[in-house]
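For reference, the chains in residue letters:
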Amino acid sequence: MSDPPVTPDGRYIVVRGRLWRRSDPRLSDDDRARLVADLMTARRAVAAANRADDADARAAAREAVDAAKHGLGERGPVWWDDGAPDYNRHMARNTPYAVWFAGLAP
């Protein structure tokens, strides 16, 4: 499995044609590792809550996922400071990255 393409400015990866915001590159390695571990733990908790059909546990686990993603910079305010808009979750072909995306090998 190859790594997904990264936009030229490093802000997004592209998965099935959709832009997904990358983690804040200013995070220290330790902070990034801690937040990724928190995210994986929270995702496992979501899966366990789904298997148990436990709505309260699912809600708490989803909040933990959201908190980790905010900490990583993948959600919430953008981590860049040049005023560029956020195209997270947009189809690449419908953004200023369209020409770059069209030029990628199929």
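My aim in this report is to walk through the structure given alongside it, one point at a time. Values in this document were obtained by computation on a predicted structure and should not be read as measured data.

**Digging into the overall build of the protein**
Piece 1. Helix and strand content of the protein: three helices and two strands.
Piece 2. Secondary structure elements of the protein, listed N to C terminal, follow the sequence β-β-α-α-α.
Piece 3. For the protein, with 106 residues in total, the buried portion stands at 29%.
Piece 4. Taking the intrachain contacts of the protein between residues at least 6 apart in sequence as the baseline, contacts between residues at least 24 apart amount to 59%.

**Focus on the pairing of strand β1 (residues 12–15)**
Piece 1. The alternating pattern of β1 places Y12 and V14 on a buried face, while none of I13 and V15, on the opposite face, is buried.
Piece 2. Bridge count between β1 and strand β2 (residues 18–21): four bridges; the pairing is antiparallel. The residue bridging V15 from the neighbouring strand is R18, located in β2.
Piece 3. The turn linking β1 back onto β2 is made up of two residues, and R16 within it adopts a positive phi angle of 50 degrees.

**Thoughts on the nonpolar core**
Piece 1. Membership of the largest hydrophobic core is limited to nine residues, which are L27, L35, L39, A42, V46, A61, V65, A68 and L72.
Piece 2. Contributions of two or more residues to this core are made by α1 (29–52) and α2 (55–72).
Piece 3. What V46 contacts, discounting residues up to four positions off in sequence, is A61, R62 and V65.
Piece 4. Y12, V14, L19 and W80 belong to the second largest nonpolar core, which has seven residues in total.

**Side note on a positive patch on the surface**
Piece 1. Taken together, the side chains of R16, R18, R89 and R93 define a basic patch exposed on the protein surface.
Piece 2. Along the chain, R16 turns up in the loop between β1 and β2.
Piece 3. Looking at R16, the relative accessible area reads 79%, which means it is exposed.

**Considerations on the packing of aromatic side chains**
Piece 1. According to the stated counting rule, one finds four aromatic pairs in the structure shown.
Piece 2. Ring plane angle 65 degrees and centroid distance 5.8 Å describe the contact between Y12 and W80, whose orientation is recorded as edge-to-face. One end of the pair, Y12, is in strand β1; the other, W80, is in the loop between α2 and α3 (98–102), and 68 residues separate them in sequence. Of the two residues, Y12 and W80, both sit in the buried class.
Piece 3. Each ring, one from Y87 and one from Y97, has its centre 6.4 Å from the other, and the planes form 90 degrees; the classification is edge-to-face. Highlighted residues: Y87 in the loop between α2 and α3 and Y97 in the loop between α2 and α3, separated in sequence by 10 residues.
Piece 4. Here Y97 falls in the buried class, since its relative accessible area comes to 11%.

About the criteria used
- Residues numbered from 1 in each chain as written.
- Predicted model: local features only at pLDDT ≥ 70, side-chain atom pairs only at ≥ 80, totals over all residues.
- Heavy atoms only, no water.
- Helix = DSSP H or I, 4+ residues; strand = E, 2+ residues; numbered from the N terminus.
- Buried < 20%, exposed > 50% of the residue type's maximum accessible area, 1.4 Å probe, protein only.
- Contact = heavy atoms within 4.5 Å.
- Pairing = 2+ DSSP bridges.
- Core = buried A, V, L, I, M, F, W, Y, C linked by side-chain atoms within 4.5 Å.
- Patch = residues over 30% accessible without salt bridge, like charges linked within 9 Å, V, L, I, M, F, W, Y side chains within 5 Å.
- Areas by Shrake-Rupley, 256 points an atom, 1.4 Å probe, with all protein chains shown as cover.
- Salt bridge = Lys/Arg side-chain N within 4 Å of Asp/Glu carboxyl O.
- Lys, Arg positive; Asp, Glu negative; His and termini not counted.
- Charge placed at Lys NZ, Arg CZ, Asp CG, Glu CD.
- Phe/Tyr/Trp six-rings, centres within 6.5 Å; stacked < 30°, edge-to-face > 60°.

Shape is all these values report; function is a separate question.
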